[in-house]
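A look at the structure
Below, each chain spelled out in residue letters.
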Amino acid sequence: MKAPLRRRFISVLAAMTAMAALPWVRAARAQSDPFAALVLQVTGGAPVRAGRVTVDTPRLADNGHSVLLKVSVECAMTAADYVRSITLLSGRNPRPIMATFHLGPKAGRAEVTTRVRLNGTQRVLAIARLADGTYWSGDAEVEVTESACLDAT
Amino acid sequence: MTEGSLARGFFRLARGVILTGCKSRLCVLALPLLIAWPAAAAEPQPPVPLKSGIEFVSADIRAMQADDFANPGMLWVTRGEMLWREPAGRDGKSCAGCHGDAKTSMQGVAARYPLIDAGGARLIDVEGRIEQCRERRQQAAPFKRESPELLALSAYVAQQSRGMPVNVVIDWQNRHNFEAGRALYYRRMGQMNVSCAQCHQENWGRKLGPETLSQGHGVAYPAYRLEWQSMGSLHRRFRSCLSGVRAEMPPQGAAEFLDLELYMAWRANGLPIETPGVRR
Amino acid sequence: MVARVHVPASVKRGAVFEVRINIQHPMETGFRYDNSGRPIPKNVINSLVARYNGVEIFRAELGSGIAANPYVQFYAIAEASGEIEFSWVDDAGQRGSERASVAVAG
C-alpha cells in the first residue's frame, strides 16, 4: 500500500533539503582545509592518507625567493612497490601546484630535493602517488619574513 | 670599542685633569695621553674580531656557499671560464691568449683590488680592469656593468683568489681615495639619515628586523644573493643598501663606489676572499 | 643555458647514487614588472627529463614556484656505465641539455 501523501511529501522535502545542504557542507569542510580543492585536482577524488611522506624545510626561511625543500617517501622502491609521483602544493602561492616529480622503480630512493619560492609564511603539502594507486601526504610549515631593507636595484 | 665610547672616555679624563689642577702624578702621566688621544681616536679601526658576512647568515646559506654544486654562483663562474677562453674582438683574442690559465695568472689578483691603474691616476676595480682589457687590448665591445658576461668573468677572476686574504695597500697614490671612501662610510645618507658605519661598525651582530647586521665586508662579491635571484656585483650591493636608507644610488662603477670599495677592502684586510659567495 | 650536472665519480653496481642538476634560468614568474612598468612575460623551465643510458629515470613538471636557477636532486640505481643525460624546455621553447658520465664498478 502506498504511503499516505503527507508522508511521501515530507520524505521528498527532507531529501531535497539534504541534497541542497551538501554543497554547503562540502564548502564548509573546504574552508577549514585550504588544500582540499587542490588535493581533489591532483588525486581526482581518491582518498589521501596522511603519513609516509616527510617534507623537510627550514622552519624559518632566509628569503622567500629560494627555500630548500626535501620530500621523501617511505617506500621500498622495488619493481612492485614504488612511488609513481610526488606533487608539491603551496598553501599561499599564486600558482599553488609548485612541481610534480615522476619517479619509478629505477629511482632507487623516493627522495627529491629542490629549491622553491614561497610567497609568505605558509604550509607546504606533498602528495605521493604509489604504484598501487594509493595516495599519501606530508606537510611542513615555513615562516617567511620580509627583508629588513627595501632593495630597489 | 666604538668611537662614541672613546670620545666619552677622553672627555671624562680631560675633565678630571682640569678639575684636579694637574698636580697629581696620575695627571702628569695622563697629560701626554690627552694630547695623543684625539689623534688616535680620529682614525677608526676595522672591527675586532674581523668576521665575514658568512658568520651572520643561517646554517642553510652557509651550507649553500660551502658546497660548490649547491652554490648557484658557480653557474656564473662556469660561464666565466667559458668566456675566458672565448675569442673576442677584432683579432679574435681571448683572455687566455694573453693570460694563459687563470688558475695561475689570476691567483691573488682580486685580493689586491681596487688599486690605482698604472696608466692613469684613477682607482680601478676588477670589473673596470676587465672592461679596460676588452676595449684596449682585445678591441672588443665592453660588456657593460652588471651584464651577465661581466658578472661571469669578474666572478671567475675573483674566484681564483678564493681563500686568499684581502691585501690592499694604502699609500701616497691612493690615500685621497681611501679618505674619500672613509668619509662616505661615515656620512649619514638618505631619507633615513643613516651611515654605513652606524649599522656595520657600531651595530654589527645586532638585529635589524629578522636579519643580523654583518660587519659589511665585500669579500664574497660578486655574490649570489637570494633577494636578487641572481649573482650581482659589490656595487649593486652598495646600491641595495642606499636603496634601503632611501638615498640616491650612483651607478655601478661610479668614482665614489670605487673609493668606498677601497676603504672597505682596507677594513677587510686579512679576511679570506669567498667569491662566489651566497647571501640573503 | 649554462647547467651543471653532478654524479659521483664512480659507483658500485646496484648501489643507489645521487644525481644533482643546477640550471641557470631566471624562472620568470610573470608577476614582475620592468623599470618602465611593463609586465615581464612568464618564462619558466616547465619540463625536465633525465635519462640513464637512454632510459627515462626521472621527470619533473616545474612551475614558477620553483626558485630561479632551478636545482633538483634525486636518486638512481647504478646499472651499467654510461651517461645520465638531462634535457629540458622552457615556456619560450628554448631547449637545453647537459650530460654526465657514470662509471659503474663491479
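Details of the structure are given in the entry above.
The sections below set out a description of the structure shown in this document. This is a predicted model, so every value here is computed, not measured. Positions within a chain are numbered from 1, following the residues in the order the chain's sequence is written. Chains carry letters and ligands carry numbers; both start at the beginning, A for chains and 1 for ligands, and go up in the order they are written. pLDDT decides what is reported in this predicted model: residues at 70 or higher carry local features, side-chain atom pairs at 80 or more are listed and counted, and totals for whole chains, interfaces and linings draw on all residues regardless.

1. Some thoughts on the overall build of chain A
Numbering of helices and strands runs from the N terminus, with a helix taken as a DSSP run of H or I at least four residues long and a strand as a DSSP run of E at least two residues long. Secondary structure summary: chain A contains two helices and nine strands in total. Its helices and strands in sequence order give chain A the pattern α-α-β-β-β-β-β-β-β-β-β, from N to C terminus. Neighbour density around each residue's C-beta defines its exposure: 20 or more other C-beta atoms within 10 Å make it buried, 12 or fewer make it exposed, and counts between make it partly exposed, where C-beta atoms are placed from the backbone. Within chain A, the fraction of its 153 residues that count as buried is 36%. We call two residues in contact when their backbone-placed C-beta atoms lie within 7 Å. Summarising the internal contacts of chain A: among those between residues at least 6 apart in sequence, 64% fall at separations of at least 24.

2. Looking at the interface of chain C and chain A
Listed as interface residues are 20 residues of chain C and, on the opposing side, 25 residues of chain A. For the side of chain C that touches chain A, the secondary-structure elements that each account for two or more residues are β5 (55-62) and β6 (71-77) of chain C. All amino acids are sorted into three groups, where Ala, Val, Leu, Ile, Met, Phe, Trp, Tyr, Cys and Pro are nonpolar, Asp, Glu, Lys and Arg are charged, and the leftover types, Gly among them, are polar. The residue inventory of the side of chain C that touches chain A, partitioned by class, reads 14 nonpolar, four polar and two charged. Strands were regarded as paired on the criterion that DSSP finds at least two bridges between them. Relative to β6(C), strand β7 (residues 111-116) of chain A runs antiparallel, the two being bridged by two bridges. What sits directly across from Thr113(A), in β6(C), is Gln73(C).

3. Details of the pairing of strand β5 (residues 83-90) of chain A
Residues in a regular strand point their side chains to alternate faces of the sheet. Residue and element names in this part refer to chain A. Counting buried positions over the eight residues of β5 gives six, a clear majority of the element. Examined bridge by bridge, β5 and strand β8 (residues 122-130) share seven bridges and lie antiparallel to one another. Across the sheet, the residue bridging to Leu 89 is Leu 125, located in β8. As defined by bridge partners, β5 adjoins strand β6 (residues 97-102) across five bridges and the pair is classed as antiparallel. Each residue of the ladder has a partner; that of Leu 89, found in β6, is Ile 97. If you look at the hairpin formed by β5 and β6, you'll find six residues sitting between the two strands.

4. Focus on the sheet that holds strand β3 (residues 16-23) of chain C
Pairing in this open sheet of six strands is antiparallel, and the strands run β2(A)-β4(A)-β7(A)-β6(C)-β3(C)-β1(C) from one edge to the other. Both edges of this open sheet fall to β2 (53-56) of chain A together with β1 (3-6) of chain C, since each of them pairs with a single strand only. Strand after strand, the sheet turns through a mean of 15 degrees between neighbouring axes, direction not considered. In this description, a line fitted to the C-alpha atoms serves as the axis of each element, helices being fitted only across the stretch in contact, and the angle between N-to-C directions of two axes falls anywhere from 0 to 180 degrees.

5. Side note on the sheet that holds strand β5 (residues 223-225) of chain B
All names here are of chain B. Across the sheet, which stays open at both edges, the three strands sit in the order β6-β5-β7 with mixed pairing between neighbours. Looking along the sheet, the strands with just one partner apiece sit at the ends: β6 (230-232) and β7 (277-279). Along the sheet, successive strands turn relative to each other by an average axial angle of 35 degrees, direction set aside. Bridge count for β5 against β7 is three bridges, and the pairing is parallel. Note that in β7 the partner of Arg 225 across the bridge is Arg 279.

6. Comments concerning the pairing of β3(C)
Judged from the four bridges that link them, β1(C) and β3(C) form a sheet pairing that is antiparallel. Residue pairing in the sheet places Ala3(C) in a bridge with Ile23(C) of β3(C).

7. Side note on the packing of helix α10 (residues 175-186) of chain B against helix α13 (residues 255-267) of chain B
Residues and elements named next belong to chain B. Where α10 meets α13, the axes come as close as 7 Å, and the angle between the chain directions of the two elements is 90 degrees. On the basis of the axis angle, α10 is roughly perpendicular to α13. Every residue of α13 that contacts α10 at Asn 177, Phe 178, Ala 180, Gly 181, Arg 182, Leu 184 and Tyr 185 is listed here: Glu 256, Asp 259, Leu 260, Leu 262, Tyr 263 and Trp 266. For classification purposes, an angle smaller than 35 degrees is called roughly parallel, one larger than 145 roughly antiparallel, one from 65 to 115 roughly perpendicular, and anything else oblique.

This is a description of form; function is not addressed.
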